[in-house]
Amino acid sequence: MTREGTGMVLRRKMLPAGLGLAVLAGCQMSAPPPPVPATPTPVAQPAPTEPEAAKPSPESELLRRYYASFQADLLTQGLLRTDGGGVDTPFNSRQLAANFERIVFYDEYVRGGGLRGSNGAPARLRRWPDPVRVDVEYGASVPQALRDRDTATIRGYSARLARATGHPISFVPSGGNFHVLVMGEDDRDQVVARVQQLVPGISGASLGIFKRLPRAIHCLVVAFSKDGEPYSYGQAIALVRAEHPDLIRKSCYHEELAQGLGLANDSPQARPSIFNDDDEFALLTTHDEKLLKMLYDPRLRPGMSAEEARPIVTQMAVALTGGES
């Protein structure tokens, strides 16, 4: 039996041509050794340290430079905002309801179809009925300092998602059901092996995404339905490239974890939002928190159609925007 991914979100960005890149290398001079004392004194042995990550391959280093240039270009354009939206990005109840419908009830990609685009047909509401337990795993190429920093980021963001949704979402050291894999180009074999362990019988189309991830795709999440419950998520795997600079890597955590909860599509009309391919915002916005709150409102249920949900969504949007239309 194969397991099909019932929801997939890819962060697809293209690097503009003509970007310059400078790589600087530094060196450090060693000081002369101190004289040896006449009477040796006991010296405390240093505590064991984590093994150093292997030197990245040329392919991994090339990706690292590529994504660093991409981030620098976006920042120069005033994109990748981290302010969550403000007076320059107003939205009303009508816009919030329309954005919710487009993001929740439509898919960007065909379920179980790899990277094949959706035909635009409406889907059904999908979300997690049970507690979400987020864990993170790192590839062998990922240095310890990055692991420590990003683990803290994911832990804090999981708590924020729990507050936004009102749904039990927590970070766990291991044994989760929402797995975040932070791995680089040199960890491809590790990625494939781990995905096969997590989802035995995963379909060839779904596994192929992890095997041959194009450079233009920064990160992705694949969510899997529970047995016998096609609109209820029971497991998800997010893959984030370790070669990304800090802000893009953090933006991947924000987008993929939120979209893996059920906000499966992007919309060019959604603003201020990370569910938009324009890269204006890097991190979850106030608008996006409202979408999450609406998605996990008990008045909605997995399997609802857009038509069934629309009156409820309209009421929620009015309440969350103070009635502004």
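Look up: the structure comes first, before these words.
Residues numbered from 1 in each chain as written. Predicted model: local features only at pLDDT ≥ 70, side-chain atom pairs only at ≥ 80, totals over all residues. Heavy atoms only, no water.

Colleague: Which residues make up the overall build of the protein chain, and what values go with them?
Modeller: Summing up its helical and strand segments, the protein chain has eight helices and six strands in all. Starting at the N terminus and ending at the C terminus, the protein chain contains elements arranged as β-α-α-β-α-β-β-α-α-β-β-α-α-α. When each of the 325 residues of the protein chain is scored for burial, the buried share is 50%. Once local pairs closer than 6 in sequence are excluded, the contacts in the protein chain between residues at least 24 apart make up 75%. (Helix = DSSP H or I, 4+ residues; strand = E, 2+ residues; numbered from the N terminus. Buried < 20%, exposed > 50% of the residue type's maximum accessible area, 1.4 Å probe, protein only. Contact = heavy atoms within 4.5 Å.)

Colleague: Let's hear about the nonpolar core: which residues, and what values?
Modeller: Counting residues in each nonpolar core, the largest one holds 58 residues, and the members touching the most others are Phe-100, Leu-161, Phe-178, Val-180 and Leu-300. Contact partners of Leu-161, with chain neighbours within four places excluded, come to Ile-169, Leu-257, Ala-258, Leu-261, Leu-284 and Leu-292. Leu-181, Leu-198, Phe-224 and Leu-239 belong to the second-largest nonpolar core, a separate cluster that totals 18 residues. (Core = buried A, V, L, I, M, F, W, Y, C linked by side-chain atoms within 4.5 Å.)

Colleague: How would you summarise the packing of helix H1 (residues 58-76) against helix H6 (residues 246-259) if you had to cite specific residues and measurements?
Modeller: Where H1 meets H6, the closest approach of the two axes is 9 Å, and the angle between their N-to-C directions is 85 degrees. Classified by the interaxial angle, the pair formed by H1 and H6 is roughly perpendicular. Judged by residue contacts, Tyr-67, Phe-70, Gln-71 and Leu-75 of H1 engage Asp-246, Leu-247 and Ile-248 from H6. Across the contact of H1 with H6, the residue classes break down as five nonpolar, one polar and one charged. (Axes fitted to C-alpha atoms, helices over the stretch in contact; angles between N-to-C directions. Parallel < 35°, antiparallel > 145°, perpendicular 65-115°, else oblique. Nonpolar A, V, L, I, M, F, W, Y, C, P; charged D, E, K, R; others polar.)

Colleague: For the environment of Asp-130, give the residues involved together with the corresponding values.
Modeller: Mapped onto the elements of the fold, Asp-130 is located in the loop between helix H2 (93-104) and strand S2 (132-138). Taking the C-alpha atoms as reference, Asp-130 lies 8.5 Å from His-167; in sequence the two are 37 residues apart. If sequence neighbours within four positions are ignored, Asp-130 has contacts with His-167 and Lys-226. For Asp-130, the side chain forms a polar contact with the side chain of Lys-226, separated by 2.6 Å. (Polar contact = N/O pair within 3.5 Å; in protein donor to acceptor, adjacent residues only side chain to side chain.)

Colleague: Break down the packing of aromatic side chains for me, citing the residues and quoting the values.
Modeller: Scanning the entire structure with this criterion turns up four aromatic pairs. The structure contains a cluster of three or more aromatic residues connected by ring pairs, namely Trp-128, Phe-178 and Tyr-233. (Phe/Tyr/Trp six-rings, centres within 6.5 Å; stacked < 30°, edge-to-face > 60°.)

Colleague: So, the pattern of salt bridges: which residues are in play, and what are the values?
Modeller: Evaluated as defined, the whole model comprises 18 salt bridges. A salt bridge links Arg-81 to Asp-88; its shortest N-O distance comes to 2.8 Å. Residue Arg-81 is classed as buried on the basis of its relative accessible area of 16%. The shortest N-O distance in the salt bridge between Arg-194 and Glu-137 comes to 2.7 Å. Of this pair, Arg-194 sits in helix H4 (residues 188-198) while Glu-137 sits in strand S2; the two residues are 57 residues apart in sequence, bridging distant segments of the chain. Overall, the relative accessible area of 24% leaves Arg-194 in the partly exposed class. Among the charged side chains, a salt-bridge network with shared partners connects Arg-81, Asp-83, Asp-88, Arg-271 and Glu-280. (Salt bridge = Lys/Arg side-chain N within 4 Å of Asp/Glu carboxyl O.)

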